[in-house]
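Structural features, examined
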Amino acid sequence: MPLDAICMQAVVRETAAQIENTRIEKIQQPARDQVILLLRGGRRLLLNAGASQPRLHLTWQLRDNPAQPPMFCMLLRKHLAGGRLLRLEQEPLERVVTLTIRAVDELGEQSDYRLILEAMPRHANLILVDREGRIVDCLRRVDFEMSQQRQVLPGLYYRLPPRQDKCDPLTTEEDAFRRLLARRQEDSPLDRWLMDTFTAIPPLLARELVCRTCGETDARSTDPDTLWQTFHTWQQQVQEGRFLPQLLEREGRPADFSYFPVTQYGPSVTCRTYDTFAQLLDDFYQGREQADRVRQKGQDLMKAATAARDRVRRKLALQEKEYAAARDRESLRLSGELITANLYRMERGMTCLTAENYYEEGCPQLDIRLDPLLTPQQNAARYFKQYAKAKTAERILTEQLEKGRQELSYLESVVQELQQAELEQDFNDIRTELTEGGYLRGRGKKQPGFQRASRPREFRSTAGLRILVGRSNRQNDRLTCKDADRRDIWFHTQKIHGSHVILCTGGTEPDHRSIEEAASLAAYYSQGREGGKVPVDYTPVKFVKKPAGGKPGMVVYTTYQTIYAVPDEALARRLSVK
């Protein structure tokens, strides 16, 4: 669910206690809608003004930064770098959070700035305001054509977003609650009435209050006393600050989060309690951020890779039909021989010849179509020529089908890599790979971006052995064929696409647990990530070879063993080397 105002209140209360009166050491903008304040003490404050997932919380995830910072990031550095974060405050029951920062202005004097996060989906923004209340700049500028009610432009005085015309749920007394309930339209859903009447009540909370009162989420009538008692219990919980970070998981995957226990889903959803909201939000949004990165940074790459993959699939389907027809060429040879054997019976202009098939027992009658414009000898030659052509086509199509299957396998591996790409270098490597393969046009002049070489994902097994996981096909080749020691252990999922995984042994015999952990990582960084047990082959690197002319990432290997591993995201996080 989006971060509602009361959940935001819990996050702000938790965060303010840790960051108030601390100095801002660095400011980063890893994505278009994200700003990270690096605070003294190693804390990282994330301000996300994305339209789909706006939020504020402390984060431990390391995000990649562009080589050239955006203009808004440079503006924030100019005014706020080295400043002290004095206060973190939230507008009551609004998703508007203000960071008051004291920094040195252009004249060298101390000045208080306000960095305001408006965390409303579809209207999220991050705004820098000076001590006079004027907007210095913002992440998204809103002019008169975009909104006639409220403009957000540099030089204008900052005004809060318009409030909703709804009741305050935290100050509503029992009498007022009963009067509002009495004016409800009959047969209207109770959860809809709660959302329409009170501010800061999202659908999840409305359904939960109704479920606790009536035993079902879509109830349309209830006892007013019982509904008020449930509502008042929730009021007290919020007023006393009794918030409980809860992650809702469906089939082991994050589905939603809340600041109170949720019972409406029954056994189909499990609730996991976190120590802090920061950890909860980090875990919940991690997968969604990766999907956003793929959509934003890799959209053209994904489009090119999937288009090429689909084109190869269609080509293979046509070639397989032609191959099947070429395999069924004996009828052409038979027709030619029967025409030759019956030349004495034939005349020019015939359209069909009925002859005895002496190749089959009983000599059944066989009808052979003829071209009336050709002589009998020319008809026989035509069938023999078609037979020879089909024979040649079978040989050529066999080669083409093998090349096509290899190309399809390669493109499917590229799509899998794009889906699991994490850093901007990953997209740059894949872009270079597709350009060199002829699937993308070159950009001409080299674009500014990351110049440092991409490094593989690094993990450390429980026993302390280093584990490296490739990020792209090119990196898989480099990791396996150049960087790895011939005594290291190479892992790869069996018959499905995935990253090359190297267990660095240093020439010693690895323990079984390290082998299991490396196999689990190979399963996790593969197409089998969402499956159960995945077969993983492993062998010393010396038995892995790169075939001549093979596509990037393609290898052959011998003398291997197979282990069944379970893709484990928690294990990948625990073993990851930051």
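Above: the structure in question.
Residues numbered from 1 in each chain as written. Predicted model: local features only at pLDDT ≥ 70, side-chain atom pairs only at ≥ 80, totals over all residues. Heavy atoms only, no water.

**Regarding the pattern of salt bridges**
Considering all chains together, one arrives at 36 salt bridges under this definition. With a shortest N-O distance of 3.0 Å, arginine 178 and glutamate 174 are connected by a salt bridge. With arginine 178 and glutamate 174 both in helix 3 (residues 174-182) and four residues apart, this pair spans about one turn of that helix. Ionic pairing is found between aspartate 225 and arginine 178, a salt bridge with its closest N-O pair at 2.0 Å. Here arginine 178 lies in helix 3 and aspartate 225 lies in helix 6 (residues 224-239), a separation of 47 residues in the sequence. Its relative accessible area of 30% is what places arginine 178 among the partly exposed residues. Overlapping salt bridges, with partners in common, bring together Arg309, Asp310, Arg313 and Glu412 in one network. (Salt bridge = Lys/Arg side-chain N within 4 Å of Asp/Glu carboxyl O. Helix = DSSP H or I, 4+ residues; strand = E, 2+ residues; numbered from the N terminus. Buried < 20%, exposed > 50% of the residue type's maximum accessible area, 1.4 Å probe, protein only.)

**Remarks on the state of the cysteines**
By the definition in use, this model includes zero disulfides. Sulfur of cysteine 214: no disulfide; nearest cysteine sulfur belongs to cysteine 211 and is 8.7 Å away. (Disulfide = S-S within 2.5 Å.)

**Structural notes on the pairing of strand 5 (residues 84-90)**
Sheet topology note: the strand 1 (residues 22-31)/strand 5 ladder contains two bridges and is antiparallel. Paired with arginine 23 across the strands is arginine 84, a residue of strand 5. Bridging between strand 5 and strand 6 (residues 96-104) involves six bridges; their strand directions are antiparallel. When the sheet's bridge partners are listed, leucine 85 is paired in strand 6 with isoleucine 101. Here strand 5 hands over to strand 6 after five residues, with leucine 93 in that stretch at a positive phi of 55°. (Pairing = 2+ DSSP bridges.)

**Structural notes on the nonpolar core**
Within the largest apolar cluster, 76 residues are counted, with the highest numbers of intra-cluster contacts made by Leu45, Leu99, Trp234 and Tyr259. Among the elements that line this core, the one with the most residues is helix 1 (residues 5-19), at nine residues. If near-sequence neighbours (up to four positions away) are discounted, tryptophan 234 is found in contact with Ile6, Pro169, Leu170, Ile201, Leu205, Leu209 and Tyr259. With 24 residues, the next largest nonpolar core counts Ala523, Val536, Ala572 and Leu575 among its residues. (Core = buried A, V, L, I, M, F, W, Y, C linked by side-chain atoms within 4.5 Å. Contact = heavy atoms within 4.5 Å.)

**Overview of the packing of aromatic side chains**
One pass over the full model with this rule turns up 20 aromatic pairs. Between the aromatic rings of tyrosine 410 and tyrosine 439, the centroid separation amounts to 6.2 Å while the plane-to-plane angle is 35°, which identifies the pairing as tilted. In this pair, tyrosine 410 is assigned in helix 10 (residues 376-419) and tyrosine 439 in the loop between helix 11 (424-436) and strand 15 (457-460), connecting sequence segments 29 residues apart. Each member of the pair tyrosine 410 and tyrosine 439 is classed as buried. Through pairs of rings, three or more aromatic residues link up here, namely Phe177, Trp193, Phe198, Trp228, Phe231 and Trp234. When the ring centre of tyrosine 383 is taken as reference, the NZ or CZ atom of arginine 382 above it lies at 5.1 Å. Taking the ring centre of tyrosine 524 as reference, the NZ or CZ of arginine 529 above it sits at 3.9 Å. (Phe/Tyr/Trp six-rings, centres within 6.5 Å; stacked < 30°, edge-to-face > 60°. Lys NZ or Arg CZ within 6 Å of the ring centre and 35° of its normal.)

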